[in-house]
Amino acid sequence: MWNNILIVDDSAIARSFIRRILEISGFLNVKVVEAANGNQALEILKTLEIDLVLTDLNMPEMDGEELLKRVKRSPKLNHIPVIVITSLGSSARQQKLVSEHAMAVFTKPLSLPEISQFLKSHFDENAENKYGN
Amino acid sequence: MEIKEQDIVSSLKKSLSEVFENMAFTEIETFDQISTPPPVTSRSFAGWLSIEAPLKADFGLIIPERFLFNILQSTLDESQLKDWQKMEGDLISEYCNTIAGDFMKNLLPPDKDFDLSLPNYKRGESPAYFYEKREMITLALTVESDKIYCVLGLE
């Protein structure tokens, strides 16, 4: 079950778009927390129990790839799934991010049906694993 | 890397159409290729970024404030709309980033990597590259009675 979702993007409007996608996908009772870059995200991850990270790639200060690496290197955080959302959508880049343990990579402009379906199916899978239903 | 102008223009049109449909919830009515971009007025925003590899270029958009406000109104809730003026630059930056990324993805073979700089924006002021003597591709778009311009400066 995902209770707390962290959205990381330097663009406030992009964070709003992603929030809207979560609402449309039915995640109405989920607490959504926002960060504007990887550094802010790591601070939040230290203090809040986050169940899923949705991060942009191209950001100032600390980009999404560095955030992904740090999360996956940390024994305390590496269980948290990280989804990368990027406008740098070559297949080579996507494969690299998956090899760095991104749960998924979505390319902008986001396809609402595609990301919504993915989130719903993994939310159900996650709930089953957690509660053994 | 040799890329034909015709391929650049068709990739740009495809990306502009896709992004305006997905992120502005509207369709582009007309595309016209023109020789130079118009000056950016005080009622418009310019957003731009650099495409750093493998094609060296500057990519920019000119969008009227009225159009940006309409999109913000349909995207943000009331509490967020209080800060709509802060969000206008953010919105044109996000359009630049998404369109430039999608354009490169359409233009290049799928295994070819590319890089974009972070976007910039200004109200009422054109980016310097608009005035440089270089090969330019400028598209004038009509979207819901507004004129939007897409300007690609090639090196």
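First, a word on scope: everything that follows refers to the structure included in this document. Just so it is clear, the model here is predicted, and its values are computed rather than measured.

The rules behind the values
- Residues numbered from 1 in each chain as written.
- Chains lettered and ligands numbered in written order.
- Predicted model: local features only at pLDDT ≥ 70, side-chain atom pairs only at ≥ 80, totals over all residues.
- Heavy atoms only, no water.
- Contact = heavy atoms within 4.5 Å.
- Buried area = accessible area lost by both parts, 1.4 Å probe.
- Salt bridge = Lys/Arg side-chain N within 4 Å of Asp/Glu carboxyl O.
- Polar contact = N/O pair within 3.5 Å; in protein donor to acceptor, adjacent residues only side chain to side chain.
- Helix = DSSP H or I, 4+ residues; strand = E, 2+ residues; numbered from the N terminus.
- Nonpolar A, V, L, I, M, F, W, Y, C, P; charged D, E, K, R; others polar.
- Pairing = 2+ DSSP bridges.
- Axes fitted to C-alpha atoms, helices over the stretch in contact; angles between N-to-C directions.

Here we come to the interface of chain A and chain B. On the side of chain B, 29 residues touch chain A, which itself brings 22 residues to the contact. Across the interface of chain A and chain B, roughly 2100 Å² is buried in total on both sides, 55% from carbon and sulfur atoms. Taken as a group, Ile13(A), Phe17(A) and Pro109(A) account for 29% of the area that chain A buries against chain B, more than any other trio of residues on that side. For the interface between chain A and chain B, the tally reads three salt bridges. Residues Arg93(A) and Asp113(B) are paired through a salt bridge, measuring 3.2 Å at the closest nitrogen-oxygen approach. For the pair chain A and chain B, the number of links is twelve residue pairs in polar contact (both at pLDDT 80 or more). Listing elements by their share of the side of chain A that touches chain B, those giving two or more residues are α1 (12-24) and α4 (91-99) of chain A. At six residues, α1(A) tops the list of elements feeding residues into the side of chain A that touches chain B. Tallied by class, the residues present in the side of chain A that touches chain B amount to ten nonpolar, eight polar and four charged.

Turning to the sheet that holds strand β1 (residues 4-8) of chain A, a few remarks are in order. By definition, the strands of a sheet pair up through backbone hydrogen bonds, in either a parallel or an antiparallel sense. Residue and element names in this part refer to chain A. Strands sit in the order β2-β1-β3-β4-β5 across an open sheet of five strands; the sheet is parallel. The two strands at the open ends of the sheet, each matched to only one other strand, are β2 (31-35) and β5 (104-107). For this sheet, the mean inter-axis angle between neighbouring strands, taken without regard to orientation, is 20°. Sheet analysis places β1 next to strand β3 (residues 52-56), joined by four bridges and oriented parallel. Pairing of Ile7 across the sheet is with Leu54, part of β3.

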